[in-house]
Amino acid sequence: MLMPAIVIGDDGTTLEEVHDQIMTQKSMLWIAHVDERWVMSFVLTVENGALYAWLIGGELMSEWLDDVIVAMKRYAKESGLTHLKSVARPGLAKKLRSKGWKTTAEIIRTEL
């Protein structure tokens, strides 16, 4: 579920690096099911007072996004964090902005 996000994200991150982040407890892997079907994976890190969702993969977003945001907020508050942040492709960014998230930066690229 995460491999398409790794490929699309195109920042040089490998699946092995993601695995290492999770296994060394530097990052957390969250998953969600809809009707016993695995539909979402998030890799999250605590960073500078934020719960940072830096790798997101999934389908049927409209069925799980609100619940995941509620869970992330609850976890962040219980952990003494001050905010959530995420790297998001345009479709997810649009959905997050509609839920009150603000764009603080954009990552853009061009081919050489």
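Colleague: Please set out the pattern of salt bridges residue by residue, giving values where relevant.
Modeller: Under the defined criterion, the tally for this structure stands at 3 salt bridges. Put simply, Arg37 and Glu59 hold a salt bridge, and the shortest N to O gap is 2.2 Å. One end of the pair, Arg37, is in strand β2 (residues 37–47); the other, Glu59, is in the loop between β3 (50–58) and α3 (61–78), with 22 residues separating them in the sequence. In this structure, the salt-bridge partner of Lys99 is Asp66, at a minimum N-O distance of 2.6 Å. In this pair, Lys99 is assigned in the segment after α4 (90–97) and Asp66 in helix α3, connecting sequence segments 33 residues apart. Judged by its relative accessible area of 37%, Lys99 is partly exposed.

Colleague: Can you break down unusual backbone geometry residue by residue, with the values?
Modeller: One non-glycine residue, Gln25, adopts positive backbone phi at about 60°. Within the secondary structure, Gln25 is located in the loop between α2 (15–23) and β1 (28–34). A relative accessible area of 72% means that Gln25 is categorised as exposed.

Colleague: Run through the pairing of β3, naming residues and quoting values.
Modeller: With respect to burial, β3 is a largely interior element, 8 of its 9 residues being buried. Here 8 bridges tie β2 to β3, and the two strands are oriented antiparallel to one another. If you follow Leu44 over to β3, its bridge partner there is Ala53. Between β2 and β3, which pair antiparallel in sequence order, lie 2 residues; one of them, Asn48, sits at a positive phi of approximately 50°. As judged from the 4 bridges shared by β3 and strand β4 (residues 83–86), these two strands associate in the parallel manner. Across the sheet, Tyr52 pairs through a bridge with Lys85, a residue of β4. Once the chain exits β3 it traverses α3 before rejoining the sheet at β4, and the crossover so formed is right-handed.

Colleague: If you had to explain the layout of surface pockets to someone new, which residues and values would you point to?
Modeller: One number sums up the size of the second largest pocket: a volume of about 200 Å³. Lining the second largest pocket, in full, are Lys73, Ala76, Lys77, Leu81, Thr82, His83, Leu84, Lys85, Lys99, Gly100, Trp101 and Lys102. When residues of the lining of the second largest pocket are traced back to their parent elements, those giving at least two are α3 and β4.

Calculation criteria
- Residues numbered from 1 in each chain as written.
- Predicted model: local features only at pLDDT ≥ 70, side-chain atom pairs only at ≥ 80, totals over all residues.
- Heavy atoms only, no water.
- Salt bridge = Lys/Arg side-chain N within 4 Å of Asp/Glu carboxyl O.
- Helix = DSSP H or I, 4+ residues; strand = E, 2+ residues; numbered from the N terminus.
- Buried < 20%, exposed > 50% of the residue type's maximum accessible area, 1.4 Å probe, protein only.
- Pairing = 2+ DSSP bridges.
- Right-handed = clockwise from strand over helix to strand, strands pointing away.
- 1 Å grid on protein atoms, 1.4 Å probe; cavity = no way out; pocket = protein on both sides within 12 Å on 5 of 7 lines; lining within 4 Å.
- Points joined across faces, edges and corners; volume = space filled by probe spheres on them.

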